[in-house]
There are 2 protein chains.
Amino acid sequence: MDIDRQKAVLVNGRQQEVVSVCDRGLLYGDGVFETLAVKSGKALEFAWHLERLALGCRRLAIPCPAEEVLQREVDQLCTGQTQAILKIIVTRGTGARGYLAPRKPEVTRIVCLSPRSDFPASFYREGVRVRCCRQRLCDNPALAGIKHLNRLEQVMARNEWHYPEVAEGLMCDYADNVIEATASNIFIVDAGILQTPDLSKAGVEGVMRRRILQLARETGIKTQILPIPLQKLQDADEIFLCNSLIGIWPVRQIGKMRFGVGPITRRLLYAARSYCAIDIHVPT
Amino acid sequence: MDIDRQKAVLVNGRQQEVVSVCDRGLLYGDGVFETLAVKSGKALEFAWHLERLALGCRRLAIPCPAEEVLQREVDQLCTGQTQAILKIIVTRGTGARGYLAPRKPEVTRIVCLSPRSDFPASFYREGVRVRCCRQRLCDNPALAGIKHLNRLEQVMARNEWHYPEVAEGLMCDYADNVIEATASNIFIVDAGILQTPDLSKAGVEGVMRRRILQLARETGIKTQILPIPLQKLQDADEIFLCNSLIGIWPVRQIGKMRFGVGPITRRLLYAARSYCAIDIHVPT
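K.L.:
Explanation requested: the overall build of chain A in the structure shown.
P.N.:
Check the secondary structure of chain A and you find seven helices and 17 strands. Its C-alpha radius of gyration of 19 Å places chain A within 12% of the 19 Å reference for a compact globule of 284 residues. For chain A, the C-alpha atoms occupy an extent of roughly 55 × 45 × 35 Å along the three principal directions. Here chain A, with 284 residues, has 50% of them falling under the buried criterion. Sequence separation of at least 24 residues holds for 73% of the intrachain contacts in chain A that already meet a minimum separation of 6.

K.L.:
Honestly, the interface of chain B and chain A in this entry has me stumped. Any pointers?
P.N.:
By a frequent convention, interface size equals the accessible area lost on bringing the separate parts together. The partner chain A presents 42 residues to the 42 residues of chain B that form the contact. Put simply, the parts of the chain that give the side of chain B that touches chain A at least two residues each are β1 (9–11), β3 (18–20), α1 (24–28), β7 (108–115) and α5 (152–158) of chain B. No other element matches α5(B), which puts five residues into the side of chain B that touches chain A. Judged from the three bridges that link them, strand β3 (residues 18–20) of chain A and β3(B) form a sheet pairing that is antiparallel. Its bridge partner being in β3(B), A:V19 is matched across the sheet by B:V19.

K.L.:
Could you clarify how one ought to interpret the sheet that holds strand β1 (residues 9–11) of chain A in this entry?
P.N.:
Within a beta sheet, neighbouring strands are joined by backbone hydrogen bonds and run either parallel or antiparallel to one another. All names here are of chain A. Pairing within the open sheet is antiparallel, and its six strands lie in the order β2-β1-β7-β6-β4-β5. Each end of this open sheet is capped by a strand with a single partner; those strands are β2 (14–15) and β5 (42–43). Across nine bridges, the pairing between strand β4 (residues 31–39) and strand β6 (residues 83–91) is antiparallel. Counted as the bridge partner of A37 is I85 from β6. Against the sheet, helix α2 (residues 46–60) makes contact with β4, β5 and β6, and its axis sits at roughly 175 degrees relative to β4, the strand it touches most.

K.L.:
What should I look at first to understand the pairing of strand β6 (residues 83–91) of chain B in this one?
P.N.:
Both faces of the sheet carry side chains from a regular strand, because those side chains alternate between them. Residues and elements named next belong to chain B. Most of β6 sits out of view: seven of its nine residues are buried. When β6 meets β7, the two strands line up antiparallel, connected through eight bridges. Bridge pairing in β7 links K87 to C112.

K.L.:
It is not clear to me how the packing of helix α6 (residues 207–218) of chain B against helix α7 (residues 263–272) of chain B should be interpreted in this structure. Could you clarify?
P.N.:
In helix packing, the relevant descriptors are the interaxial angle and the interaxial distance, both defined with respect to the helix axes. Residue and element names in this part refer to chain B. At a closest axis distance of 10 Å, the pairing of α6 and α7 adopts a crossing angle of 110 degrees. In terms of orientation, α6 and α7 fall into the roughly perpendicular class. Judged by the twist between their axes, the crossing of α6 over α7 is right-handed. Mapping the contact onto sequence places M208, R211, I212, L215 and A216 in α6 and L268, A271 and A272 in α7. Broken down by class, the residue content of the contact of α6 with α7 amounts to seven nonpolar, no polar and one charged.

K.L.:
Would you mind showing me how to read the domain arrangement of chain A here?
P.N.:
Residues and elements named next belong to chain A. The domain architecture assigned to chain A consists of domain 1 (5–115) and domain 2 (121–275). In this structure, domain 1 and domain 2 have C-alpha centres spaced 26 Å apart. Each side of the interface is counted separately: domain 1 has 20 residues, and domain 2 has 13 residues. Elements that contribute at least two residues to the side of domain 1 that touches domain 2 include exactly β4 and α2. Across the side of domain 1 that touches domain 2, the residue classes break down as nine nonpolar, six polar and five charged.

K.L.:
Looking at this model, I keep getting lost on unusual backbone geometry. Mind explaining?
P.N.:
Excluding glycine, most residues fall at negative phi; most peptide bonds, likewise, are trans. Even without being a glycine, A:A191 presents a positive backbone phi close to 50 degrees. Summarising the element assignment, A:A191 is placed in the loop between β11 (185–190) and β12 (193–197). Positive phi, close to 50 degrees, is recorded for B:N12, a residue that is not glycine. With respect to the helices, strands and loops of the structure, B:N12 is situated in the loop between β1 and β2 (14–15). Take B:N12: there are 16 C-beta atoms within 10 Å of it, and that puts it in the partly exposed class.

K.L.:
Where do I start with the relation of the copies chain B and chain A in this structure?
P.N.:
Note on the chain copies: they are related by a rotation about an axis and a translation along it. Mapping chain B onto chain A calls for a screw motion: a turn of 180 degrees about the axis and a shift of 0.0 Å along it, with 0.0 Å RMSD after fitting. Considering both components of the superposition, the chain copies are consistent with a two-fold axis. Residue B:L26 of chain B places its C-alpha closer to the rotation axis than any other residue of that unit, at 2.0 Å.

K.L.:
Would you mind going over the environment of B:L60 with me for this structure?
P.N.:
Residue and element names in this part refer to chain B. For L60, the location among the structural elements is in helix α2 (residues 46–60). Of the residues examined, L60 has 24 C-beta atoms within 10 Å and is grouped as buried. Separated by 31 residues in the primary sequence, L60 and T91 place their C-alpha atoms 9.8 Å from one another.

Rules of the game
Numbering of residues starts from 1 in each chain and follows the order in which that chain's sequence is written. As they are written, the chains are lettered A onward and the ligands numbered 1 onward, keeping that order. Given that this is a predicted model, residues contribute local features only at a pLDDT of at least 70 and side-chain atom pairs are listed and counted only at 80 or more, while totals for whole chains, interfaces and linings are drawn from all residues. In this text, helices come from DSSP runs of H or I with a minimum length of four residues, and strands from runs of E with a minimum of two, each type numbered from the N-terminal end. Our radius of gyration looks at C-alpha atoms and nothing else; its globule reference is 2.2 Å times the residue count to the power 0.38. Partly exposed residues are those whose C-beta has more than 12 but fewer than 20 other C-beta atoms within 10 Å; with 20 or more the residue is buried, with 12 or fewer it is exposed, and the C-beta atoms are placed from the backbone. Any pair of residues counts as being in contact when their C-beta atoms, constructed from backbone geometry, are within 7 Å of one another. Note: two strands are recorded as paired if DSSP finds a minimum of 2 bridges between them. Note on geometry: axes are C-alpha line fits, over the in-contact stretch for helices, and angles between N-to-C directions span 0 to 180 degrees. Oblique is the label for every angle not falling under 35 degrees (roughly parallel), over 145 degrees (roughly antiparallel), or within 65 to 115 degrees (roughly perpendicular). Handedness of a helix crossing follows the sense of rotation of the near helix relative to the far helix, less than a right angle counterclockwise being left-handed and clockwise being right-handed. Each residue gets one of three labels, nonpolar for Ala, Val, Leu, Ile, Met, Phe, Trp, Tyr, Cys and Pro, charged for Asp, Glu, Lys and Arg, and polar for the others, Gly among them. Segment limits for the domains were obtained from an automatic or database-derived domain assignment. Only residues with pLDDT of at least 70 in both copies count here: their C-alpha atoms drive the least-squares fit that superposes the copies.

Here you go:
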């Protein structure tokens, strides 16, 4: 079933596709968002996305919309959708001029459905090519982990290249630790241990990252969260990227370094299948 | 004359007060803005604000609207206004999902008039009380100096206090250098020399800061742009804050440190009068 454009966006529960020019989401990026895969009428990992949304709201001191309200609006948009992408945005709403937040903000709640993205099967079977971005991620413990609307670092990084053969770009902090890619988290396998960067100072704690850490632990793969210096990647046995839409993309190349698609990546790609919207048949 | 609410906002030249929920200004803070004082029907310092807007657009690779177009729309809103505040926002507009910018962005151009702000006369005569914020400003040379829409650092900082007796909050980088206040630039006077922080890694290069540097040079006051460690403030002879709306606010207190309103501050406050919308009679 195709997306009915007339009901693809709800703003505070109403079918409209616009927000006020005075919305602090626009003026300051004063809000948070989530991007979810939709499959067979359901928004996948809804509970965990909502948890992170609530965490982000708490950090920014924005009242988080009630779960029932969001659940109802998400259901309203997703019912009948075979595959799609759902975005939830919560901003501090409008208010007086200036950075000082209104005492009782009336938040803006946006739920928005858009068509699914398709990725080549080769991305899953042979892996993707990745580059290292010049744009750095700044340390900001107050904002680290959450998915807020200040995304110019990612915009700058993603626009460093325009050739389609490179699927993603890695981003480092100023100390040359890899933090994440522009729109995905990174994992590496080192001597059989699954490692992913510590995100306490920068980066987004992805829902798929969380799912993969849990899947790994359940299947007896040892996991570590730690700072990962960029130069450590050259010694990694396996590398992959993940997010809620793509699932897992094995990495076959970073700059001039080449990697194979290894057994742990394959195992997790298979295990993560049902948590994202991807229907790729991958060899296990 | 009061603001006619019906024509207080223009979006791409049309009288409307909304933007698409798919605007990258909302989704990513992917744009720049300017805030101008309006006096006697004119937007003050229009040329310099436009210069900075153009610089910001260039840095973000957003096509900047033509000067004639902006001038016409600004005139349309400002004509007949005794005093007001004008905001200009330029975003990369809508586009496909994701951080990659559309090849030919159709920018969103917002010009928005709002009522003037009033400040107590004592702010100008006796100075303001200021605090030091816990929230830091991250280094980001690619975005430093310009006035982009990613302002969560400022929002976090400004919401650290709610008592009205503190007018502004200073923000430092991670090396404890003062960069600016949440919505203004800072100057100090040290042994007769007017100093203001270097903003090559963080901060906004304010139009009033630029005006003050020029006014100082014209009147024979020596100026320096340099890193200013926070602890240096305790030895400053004079300190003041500035922006396009407030003009100059002498600082009388930062935390427990107290300062007088000095002669260089007074002289510049008087000289800067006509470049902002303030009608305060200040002793020269």
